[in-house]
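# Geometric and topological summary
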Amino acid sequence: MLFRSYLNFFVEMEQKTITELKNFQFQKLKETAAKFNIKINSWKDFYKLPVTTKADLPDNPNFPEEEMRQHETSGSTGQPRVIWVPSESWYRKDAIFTRSWMRMGRKSEWVFRLISGDPKYPLYDRLRNVKAMNYKTLSQEHVNWVVKHKPFLIHGPGGSIRQLCEMIIDAGHEEVLKDIKIHWCSESSYSHKERLLPFVKEFHEQYGLAELPTVAATDGHGNLRVVMEQGIIEILDDDGNQVPEGEEGYIVVTDFNNYQTPIFRYRCGDRGKMKKIRKNGRQYYVLYDIIGRGVDYYNGPEVKRAIGWWIVAPISHTVGQVIEKWRCEVNIPRKTLVLHVKFRNEENFEALKPYADWVKENVGLDTEFVIAEDEQYDIYWKNKLVRVVK
């Protein structure tokens, strides 16, 4: 079974030293680069490659005749793009998740997993005691399952975990959470972690991108351990130069497993720091102080549905072809969602109306569109932090 072979691989690789992992990285890098006619014979060759962005992504896969998977970036930078990945990427990602759960102490206990859409492999999930449910339709059904089965951990996008936990607390079942560990993925945990820690048993994080699934995974000790066997991670300044260890810069990734979409020295919108630490006699890199995709959370009588990360999800998919960048704020006193936008070409407010209608129907708020100037796009703007003004 492909998943099992990848799980064994990742369990074995975490015993490797940094030097051994660097050697592994270089061999994979050399092989994958060759598929894009990029010649790399040394690390010096690699570091000569230009830093890339979404604007450099191709419009077609490298090997269209081969089996692959296709997904769109979240659009959290306001610029969603299609990423093609080899078909085996799903198994790699799932194996890394499973290894993370093992690091958290899980053996065969239940895992409650929040996913986008309905479960595609319910039998496979059931055989390994994983209950997957759609986070886009969070309801009492989700709460009831957690309360009844008391899973070892809850895994999923951070915003959906926050909303589910709030629903459990509001339902008077907060005592259930004290024996549940959280595996928070994707979004920034700023403010959310502080809110949930008094209720849950442990709080662990996983950091990944559409361009490189799983950049760093929990080490089981509260740190985000860089997954060197999955990709190459750099921290660079605004000019593309490597910053000293422990200093902040842009997170730049290389996926040496993706031979369909070239992800070489790819600069995402997130920033962070990286350093080496030693735990249990082993040295490895950790990411920390990540400034990235984050949202506030609000649930009050003024809105039909709790406001969180999900309110921005439709933006890239409904109006992403019209606007180049955006930032969202929710003003509760005014009962208004304010969407700051930069249009791709000419101004077209009529094309933004479908999103305004969606917000009114689902949340009960009016939507106000504001044109933003280029100078407003600082790092916090680019990461589209959703602010709820109370």
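Preceding this paragraph is the structure being described.
None of the values given here were measured: they were computed from a predicted structure.

## Some points on the pattern of salt bridges
Opposite charge on two side chains lets them pair, provided their charged atoms get close. This structure, assessed with the given rule, holds 18 salt bridges. For Lys 181, the salt bridge identified is with Glu 202, shortest N-O distance 3.4 Å. Here Lys 181 is found in strand β6 (residues 181-185), whereas its partner Glu 202 is found in strand β7 (residues 202-206), with 21 residues between them in sequence. Overall, the relative accessible area of 7% leaves Lys 181 in the buried class. Judged by its relative accessible area of 29%, Glu 202 is partly exposed. Among the ionic contacts, a cluster of salt bridges with common partners joins Asp 94, Arg 113, Asp 125 and Arg 128.

## Details of the packing of helix α1 (residues 2-13) against helix α4 (residues 89-103)
Close contact between α1 and α4 brings their axes to 8 Å; oriented N to C, the two are set at 55°. In terms of their interaxial angle, α1 and α4 are classed as oblique. Here the hand of the crossing between α1 and α4 comes out right-handed. Contacts from Leu 2, Phe 3, Tyr 6, Leu 7, Phe 9, Phe 10 and Val 11 of α1 reach α4 at Tyr 91, Arg 92, Asp 94, Ala 95, Ile 96, Thr 98, Arg 99 and Met 102. Here the residues of the contact of α1 with α4 are counted per class, giving 11 nonpolar, one polar and three charged.

## Details of the pairing of strand β13 (residues 282-291)
As judged from the two bridges shared by strand β9 (residues 224-226) and β13, these two strands associate in the antiparallel manner. Bridging from a neighbouring strand, Arg 225 pairs with Val 286 of β13. As paired strands, strand β12 (residues 266-279) and β13 are joined by eight bridges and run antiparallel to one another. Bridge assignment links Lys 275 to a residue of β13, and that residue is Val 286. Counted along the chain from β12 to the antiparallel partner β13, the turn is two residues long, and its residue Asn 280 has a positive phi close to 50°.

## Some remarks on the sheet that holds strand β8 (residues 216-218)
The antiparallel open sheet is built from six strands, whose spatial order is β8-β9-β13-β12-β11-β10. The open sheet terminates on both sides in strands that have one partner only, identified here as β8 and β10 (232-236). The average undirected angle you get between the axes of adjacent strands in this sheet is 50°. Bridge count between β8 and β9: three bridges; the pairing is antiparallel. Considered in β9, the bridge of Ala 217 is made with Arg 225. Running at roughly 70° to β13, helix α2 (residues 18-34) makes contact with β10, β11 (249-254), β12 and β13 of the sheet. Taken strand by strand, α4 contacts β8 and β9, and its axis lies near 30° from that of β8.

## So, the packing of aromatic side chains
Under the counting rule described, the total for this entry stands at 18 aromatic pairs. With centroids separated by 5.8 Å and ring planes inclined at 80°, the aromatic side chains of Phe 3 and Tyr 124 adopt a geometry described as edge-to-face. One end of the pair, Phe 3, is in helix α1; the other, Tyr 124, is in helix α5 (residues 122-127), with 121 residues separating them in the sequence. On the basis of an interplanar angle of 50° and a centroid distance of 5.6 Å, the ring pair of Phe 26 and Trp 43 is categorised as tilted. Of this pair, Phe 26 sits in helix α2 while Trp 43 sits in helix α3 (residues 43-48); the two residues are 17 residues apart in sequence, bridging distant segments of the chain. A relative accessible area of 13% means that Phe 26 is categorised as buried. The rings of Phe 3, Trp 90, Tyr 91, Tyr 121 and Tyr 124 are connected pair by pair, giving a single aromatic cluster. In this structure, Arg 267 packs its charged tip against the face of Tyr 250, placed 4.1 Å from the ring centre.

## Brief notes about the sheet that holds β7
Ordered by their spatial adjacency, five strands build an open sheet running β4-β3-β5-β6-β7, and the pairing between neighbours is parallel. Both edges of this open sheet fall to β4 (130-134) and β7, since each of them pairs with a single strand only. Shown here is a sheet whose adjacent strand axes are inclined to one another by a mean of 20°, direction ignored. Taken together, the five bridges between strand β5 (residues 153-157) and β6 define a ladder with parallel strand orientation. Bridge pairing in β6 links Gly 156 to Trp 184. Relative to the sheet, helix α6 (residues 140-149) contacts β3 (111-115), β4 and β5, its axis offset from that of β4 by approximately 165°.

## Some words on the environment of Gly 156
Along the chain, the position of Gly 156 falls in strand β5. For Gly 156, a relative accessible area of 1% puts it in the buried group. On a C-alpha basis, the gap between Gly 156 and Ser 186 in space is 8.1 Å, while along the polypeptide they are 30 residues apart. When neighbours within four sequence positions are excluded, Gly 156 is seen to be in contact with Leu 114, Ile 161, His 183, Trp 184 and Cys 185.

Basis of the calculations
- Residues numbered from 1 in each chain as written.
- Predicted model: local features only at pLDDT ≥ 70, side-chain atom pairs only at ≥ 80, totals over all residues.
- Heavy atoms only, no water.
- Salt bridge = Lys/Arg side-chain N within 4 Å of Asp/Glu carboxyl O.
- Helix = DSSP H or I, 4+ residues; strand = E, 2+ residues; numbered from the N terminus.
- Buried < 20%, exposed > 50% of the residue type's maximum accessible area, 1.4 Å probe, protein only.
- Axes fitted to C-alpha atoms, helices over the stretch in contact; angles between N-to-C directions.
- Parallel < 35°, antiparallel > 145°, perpendicular 65-115°, else oblique.
- Left-handed = near helix turned anticlockwise from the far one by under 90°.
- Contact = heavy atoms within 4.5 Å.
- Nonpolar A, V, L, I, M, F, W, Y, C, P; charged D, E, K, R; others polar.
- Pairing = 2+ DSSP bridges.
- Phe/Tyr/Trp six-rings, centres within 6.5 Å; stacked < 30°, edge-to-face > 60°.
- Lys NZ or Arg CZ within 6 Å of the ring centre and 35° of its normal.

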